[in-house]
Amino acid sequence: MNKQLHPKSHKIAILAEGSFGVLESKTATVLVRYLPNNVVAVIDSTKAGKDVSDVIEIGEGIPVVRNLAEAMRFEPTMLAIGIAPPGGELPEAWRGILHEAIRSGLHIMSGLHHFLSENAELAELAEAHNVVLWDARKPPEDLPVATCKAADVDATVILTVGSDCRVGKMLSGIEVTNAAREKGLNAEFCPTGQNGIMVWGWGIAIDAVVSDFTAGAAEQIVLEGAKNHDLLIVEGQGSLVHPGYSGVTLSLLHGSMPDAMIFCHQPSRKEVARYTVPLPSLTEMIAHYEMLTAPIKPAKVIGLALNCFDLSEKEAYAAIAAAESETGLPATDVVRFGAKKLVDAVQKVYQDNKR
């Protein structure tokens, strides 16, 4: 597990040069949302002089600065790579910035597929300056093939699943975990992607694991989380109808062996992002998930987390009402309206398991 450099113990400058925005720099947005007291500046010369909240509507008081030198005025101890582009490659123009950061004594936190720690030049420079290169996406060695051990844990396991990528599986998982903790439940979020790991400080990025061991990685996450927690909210990835990422979705289903699932969806989305694959109805997609869990360990979808960021409040309420009418399940937008409905559903499963 990647626990050697917990971000909550650092002052973070985020590198998002030329890319800072809600959709363009998901990693930066996530770090600002969940670590607002740790993020001291965002680097993007194209938006320098703005407040972060002017760009992504959260993070009031955090400045957007022109370069690393300006960011250093806020005394960061860590530089975070704020984007996660398709393919996970490091932008060539950023190499010089990383060299400058390392020479300034900043630890580097990256969620790229391109592992900084395996770049000989960067690794040598980091060692010389006593700096850690933390590749949040780099999986641990010697992961096993899944053995169904996740079914034996005492903890209640809830998996977030969804209709597509980037519909809120990580965000909903964190919001449900935080709300469950507020109710006194011993809950833990179990990250399976680089952004969740960079916020929470541990986990395994499933999409970087060799395919034979992805379900085993999911199993290991559950076993680790269950050591000290009674309720685990496992972060889902991809979608069963996604042509590119359905494999990792299925691995999480079978590896984590959930007791129940929360279904995440963006109501305005009608096709799989970047594809022309039409999304089935909510009831069909929920049925797909429940059918595929049934032979290994039956699990039901117990609620819906709707991502209504592009809808008005009136439209969001209408989408929630429509989803509840279609599925008979509680639905909410956890950012706009809170996670109470979902936590109530989770708590029922939790209590049933304790009987």
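Below, the structure is looked at part by part. This structure is a prediction, so every number in the text was calculated from the model and none was measured.

Description of the pairing of strand 10 (residues 260–265)
1) Next: Where burial is concerned, most of strand 10 is hidden: 6 out of the 6 residues are buried.
2) Next: Every second residue of strand 10 is oriented toward a common face, with Ala260, Ile262 and Cys264 on one face and Met261, Phe263 and His265 on the other, all of them buried.
3) Next: Note: strand 7 (residues 156–162) against strand 10, 5 bridges, orientation parallel. Each bridged residue has a counterpart across the sheet, and for Gly162 the counterpart in strand 10 is Cys264.

Re the side chain of Ser172
1) Next: Position of Ser172 relative to the elements: it lies in helix 6 (residues 169–182).
2) Next: Exposure remark for Ser172: the relative accessible area of 3% places this residue in the buried category.
3) Next: Excluding residues that lie within four positions of it along the chain, Ser172 makes contacts with Cys264, Ala305 and Val334.

Quick look at the sheet that holds strand 8 (residues 187–190)
Across a sheet, paired strands are connected by hydrogen bonds in the backbone, their directions being either parallel or antiparallel.
1) Next: Spatial ordering of the open sheet is given by 8-9-7-10-11-12, a layout of 6 strands whose pairing is parallel. Every other strand in the sheet has two partners, leaving strand 8 and strand 12 (331–332) as the edge strands with one partner each.
2) Next: Relative to strand 9 (residues 231–234), strand 8 is paired through 4 bridges, and the arrangement is parallel. Across the sheet, the residue bridging to Glu188 is Leu232, located in strand 9.

Structural notes on the packing of helix 8 (residues 214–225) against helix 9 (residues 246–256)
1) Next: Taken N-terminus to C-terminus, the directions of helix 8 and helix 9 make an angle of 45 degrees; their axes are 7 Å apart at the nearest point. The angle between the axes of helix 8 and helix 9 places the two elements in the oblique class. When you trace helix 8 past helix 9, the crossing you get is right-handed. Of helix 9, the residues touching helix 8 (which contributes Thr214, Ala215, Ala218, Glu219 and Val222) are Ser251, Leu252, Gly255 and Ser256.
2) Next: Residue composition of the contact of helix 8 with helix 9, by class: 4 nonpolar, 4 polar and 1 charged.

Here we look at a nonpolar patch on the surface
1) Next: Judged by side-chain polarity, Val22, Leu23 and Phe309 come together as a nonpolar surface patch covering roughly 310 Å² of accessible area.
2) Next: Following the sequence through the fold, Phe309 ends up in the loop between strand 11 (300–306) and helix 11 (313–327).

What counts as what
Residues numbered from 1 in each chain as written. Predicted model: local features only at pLDDT ≥ 70, side-chain atom pairs only at ≥ 80, totals over all residues. Heavy atoms only, no water. Buried < 20%, exposed > 50% of the residue type's maximum accessible area, 1.4 Å probe, protein only. Helix = DSSP H or I, 4+ residues; strand = E, 2+ residues; numbered from the N terminus. Pairing = 2+ DSSP bridges. Contact = heavy atoms within 4.5 Å. Axes fitted to C-alpha atoms, helices over the stretch in contact; angles between N-to-C directions. Parallel < 35°, antiparallel > 145°, perpendicular 65-115°, else oblique. Left-handed = near helix turned anticlockwise from the far one by under 90°. Nonpolar A, V, L, I, M, F, W, Y, C, P; charged D, E, K, R; others polar. Patch = residues over 30% accessible without salt bridge, like charges linked within 9 Å, V, L, I, M, F, W, Y side chains within 5 Å. Areas by Shrake-Rupley, 256 points an atom, 1.4 Å probe, with all protein chains shown as cover. Salt bridge = Lys/Arg side-chain N within 4 Å of Asp/Glu carboxyl O.

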